[in-house]
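# Architecture at a glance
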Amino acid sequence: MSTALQVGQFQAPADLQRSVAEGWRVLDEQQVAARISQIDASLWKSDPAIQEKIRNRLGWLTVVNTMREKYDEIATLVDAVRKDGYKSAILLGMGGSSLCPEVLRTTFGVVPGYLELYVLDTTDPDTVHTVEQKIDLRTSLFIVASKSGGTIETMSHYKYFFDRVSKEVGADEAGKHFIAITDPGTSLETLGREQNFRHVFLNPPDIGGRYSALSFFGLVPGALIGLNIPRLLEWGEKAMNASQKSSAQENPGLWLGGIMGALYKQQRDKVTFIISPELRSFGYWVEQLIAESTGKEGRGLLPVEGEQLGTPDVYGNDRIFAYLRVDGGDNSELDKGVQALVDAGQPVVRFEIGDLYQIGAEFFRWEYATVVSGFFLDINPLDEPNVQESKDNTKRILTQYQQEHRLPEPTPVVVTNEPAKIEIVGKENGGKDLAGYLHNFLAQVRPGDYIAIMAYVERTESTEAALQALRTHLRDTYKVATTVGYGPRFLHSTGQLHKGGANNGVFIQITGDVHQDASIPGEIYSFAVLKESQALGDLYSLDNHERRNIRIHVSGDLAKGLQVVDQAI
Ligand SMILES: O=P(O)(O)OC[C@H]1O[C@H](O)[C@H](O)[C@@H](O)[C@@H]1O
């Protein structure tokens, strides 16, 4: 545990090595590390009003220290709920308020005697029911996690489960089953006090969601599943200490940010993650971090996570690869694949992870590298200016629904009934059947583009397998990067880049049937209506930004329908 956090290993052809060396030189010359430590917002923007906002978003640089002091507050809660016989924790939150907890749960599992953790970050009603079926409300603790305190998905989940718990244990007792994590002064803080929540954690307000892993947002759920929080923070501290060094060769985040930024300038704007299975879900979190931080002003780095490693011929010249290699596991296939990429002249950064708790340092490393890359991209990596657009569209659709009691129904351009009912919504392109239409739509894909699959469906094993097969097929056919996001979760992640980044995305929205809807107490709309409003709202946003997009609606068996789509390509 005493060793310092290392920079990684960078392998690339000589010309790219030279670009990166020049990037590191600029970082040195501009004293970027020292200026980050001094919270010098002029690194990113010259407008004083924007600088003020940036200064109020860098609290994560020292949050490790703050959290060490607050550790008792977390430990007290965990002891109390264990003593009271609680068995499950259900995290209600989106984006930066949910992804780190999900990564921690997936990576570490649950220590015996601690609480099982479920992360609910979708408005898909079938998923809400699935989670509800897995838990016993009487021994469940709900974590309402929202920095702003007003996120529609999170508050809808809260309304749903507060009602359920009240019916189960009585309205007076319900508050004991809830805690909140939020900023001071939000409506959620007020609600938590009014409803007698068991506890309200007030997070330092100068930390944005995607930079909040090492704050209450990540640590409270982590502690509930039994993680050794001091050990996680110790790793975070190593990365924080290393970030004080001025030279890229000694400062792991600066080193990495220099590579990402310099290679962006060489048209390598897609950071493709290759991760050992033990740490595989880290991609969920880092995807939001990179996409929301850099995807704006017509620029951006596309994080590509969860894409199957391919042979060199399926990749273009638009990527860099990041290999997170966990020592001790079987990495032989990944090692071989990565070596083939290096041999083919692809740039690869590689990190050795000897201890899974090093994830505490990885959160910091990637946060730091992301803001450094923002310096090269000349953007503000601490805001998310285009996320609001889809939210506004959703709101408009919901208002219309409240007045007319029905949702807009886009007219399909293609309908197929055999062997599955599939409808496509999009612009006429001359294609008359599924295969013809998809062929013409995908004929627009150019080198350097990416294809984003955005699925507003329940995430099940069979759906996941079908989406992955579709994605791999698309990548191998069109030789472009692919992403898969579940809606509305990705709206709080890659959604920013889709609309704010370069116009190099080709978007495929997938929708399916809802099996069992769920009402939201106090609202006229249900979860199914909310989800559909979000899906439509996002399509309108993509249209407004003139992004190439279609919707594919599959009726009936989703996995089977996706196979039919796959075969049509
Ligand atoms: O934590 P909350 O305020 O509920 O926000 C949750 C998420 O919502 C927004 O969409 C932002 O774009 C994300 O960065 C944020 O993490």
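Keep in mind that this is a model prediction, so the values were computed, not measured.

## Observations regarding the overall build of the protein chain
Along its length, the protein chain carries 21 helices and 16 strands. The globule rule puts the C-alpha radius of gyration for 569 residues at 25 Å, and the 23 Å found for the protein chain is close to it. On the principal axes, the C-alpha backbone points of the protein chain span a range of 65 × 60 × 50 Å. The buried share of the protein chain, taken over its 569 residues, is 61%. Contacts spanning at least 24 positions in sequence make up 79% of the contacts within the protein chain whose residues lie at least 6 apart. When the accessible surface of the protein chain is totalled, it reaches about 21,200 Å², and 47% of it is carbon and sulfur. Taking the average place of the 56 positive charges on the side chains of the protein chain and the average place of its 74 negative ones, the gap between the two points comes to 2 Å.

## Describing the pairing of strand β4 (residues 140-145)
Of all 6 residues that make up β4, 6 are buried, and the element is covered over most of its length. Going residue by residue along β4, you find Ser140, Phe142 and Val144 tucked away on one face and Leu141, Ile143 and Ala145 tucked away on the opposite face as well. Note that strand β2 (residues 88-92) and β4 share 5 bridges and pair parallel. For Ser88, the partnering residue across the bridge sits in β4 and is Ser140. Relative to strand β5 (residues 178-182), β4 is paired through 4 bridges, and the arrangement is parallel. In the strand pairing of β5, Val144 is matched with Ala180.

## A look at helix α20 (residues 527-544)
Here α20 is 18 residues long and its end C-alpha atoms lie 25 Å apart, about the 26 Å a rise of 1.5 Å per residue gives. Judged by how many residues are buried, α20 sits mostly within the fold: 15 of 18 residues are covered. Phi for Glu546, located one or two positions after α20, is positive at around 55 degrees.

## Regarding the side chain of Asp318
Its place among the elements puts Asp318 in the loop between β8 (302-304) and β9 (319-326). A relative accessible area of 7% places Asp318 in the buried class. The residues contacting Asp318, other than those within four sequence positions of it, are Gln267, Arg268, Asp269, Lys270, Gly448 and Asp449.

## Some points on the site of the ligand
In the neighbourhood of the ligand, 14 residues make up the surrounding shell, with Ser97, Ser148, Thr151, Glu292 and His492 lying closest. One nitrogen or oxygen atom from the side chain of Glu292 is found 2.5 Å from an oxygen atom belonging to the ligand. Burial of the ligand by the surrounding chains reaches 92%, relative to a free accessible area of 390 Å². Broken down by secondary-structure element, the contributors of at least two residues to the shell around the ligand are α13 (282-294) and α16 (387-404). Counted by class, the shell around the ligand contains 2 nonpolar, 8 polar and 4 charged residues.

## Examining the confidence of the model for the protein chain
Mean pLDDT for the protein chain: 97, with 100% of residues reaching 70 or above. Model confidence for the complex is summarised by a pTM of 0.98, with the ipTM given as 0.99.

## A look at the pattern of salt bridges
On inspection of all chains with the given rule, the structure shows 42 salt bridges. Residues Lys159 and Glu523 are paired through a salt bridge, measuring 2.5 Å at the closest nitrogen-oxygen approach. A residue pair is termed long-range when its members are at least 10 positions apart, and Lys159 in helix α7 (residues 152-169) and Glu523 in the loop between β15 (505-512) and α20 qualify at 364 residues. Given the relative accessible area of 28%, Lys159 is considered partly exposed. Since its relative accessible area comes to 26%, Glu523 is described here as partly exposed. In this structure, Arg210 engages Glu292 in a salt bridge whose closest nitrogen and oxygen atoms are separated by 2.9 Å. On the criterion of sequence distance, the pair formed by Arg210 in the loop between β6 (199-202) and α10 (216-224) and Glu292 in helix α13 is long-range, its members being 82 residues apart. Glu292 matches Arg210 in its accessibility class, with the two residues each being buried. Because the salt bridges share partners, they merge into one network encompassing Arg325, Asp327, Asp335, Arg350 and Glu352.

Basis of the calculations
- Residue numbers run consecutively from 1 along every chain, following the written order of its sequence.
- Note on the predicted model: pLDDT of at least 70 is required for a residue's local features to be given, and 80 or more for side-chain atom pairs to be given and counted; whole-chain, interface and lining totals, by contrast, use all residues.
- The side-chain quantities take in all heavy atoms of the structure and omit both hydrogens and water.
- Only DSSP runs of H or I with at least four residues qualify as helices, and only runs of E with at least two residues qualify as strands; both kinds are numbered from the N terminus onward.
- Computation of the radius of gyration draws on C-alpha atoms alone. For the globule rule, the value is 2.2 Å times the number of residues to the power 0.38.
- The buried label applies to any residue whose accessible area, calculated with a 1.4 Å probe on protein chains only, is under 20% of its type's maximum; exposed applies above 50%, and partly exposed to all values in between.
- Contact criterion: two residues are considered in contact whenever any of their non-hydrogen atoms come within 4.5 Å of each other.
- In this description, accessible areas are obtained by the Shrake-Rupley approach with a 1.4 Å probe, and a residue is regarded as covered only by the protein chains that are shown.
- His is not counted, nor are the chain ends; Lys and Arg add positive charge and Asp and Glu add negative charge.
- A single reference atom marks each charge: NZ on Lys, CZ on Arg, CG on Asp, CD on Glu.
- Strand pairing is defined by DSSP finding a minimum of two bridges between the two strands.
- Working rule for helices: expected span equals 1.5 Å times residues minus one.
- Definition of nearness: a residue and a molecule or strand are near each other if at least one heavy atom of the residue lies within 4 Å of the molecule or strand.
- We call two N or O atoms a polar contact when they sit within 3.5 Å, provided that within protein one can donate a hydrogen and the other can accept it, with sequence-adjacent residues counted only if both atoms are side-chain atoms.
- Polar here means any residue other than Ala, Val, Leu, Ile, Met, Phe, Trp, Tyr, Cys and Pro, which are nonpolar, and Asp, Glu, Lys and Arg, which are charged; Gly is therefore polar.
- pLDDT is a per-residue confidence score from the predictor, ranging from 0 to 100.
- When a carboxyl oxygen of Asp or Glu lies within 4 Å of a side-chain nitrogen of Lys or Arg, that pair is called a salt bridge.

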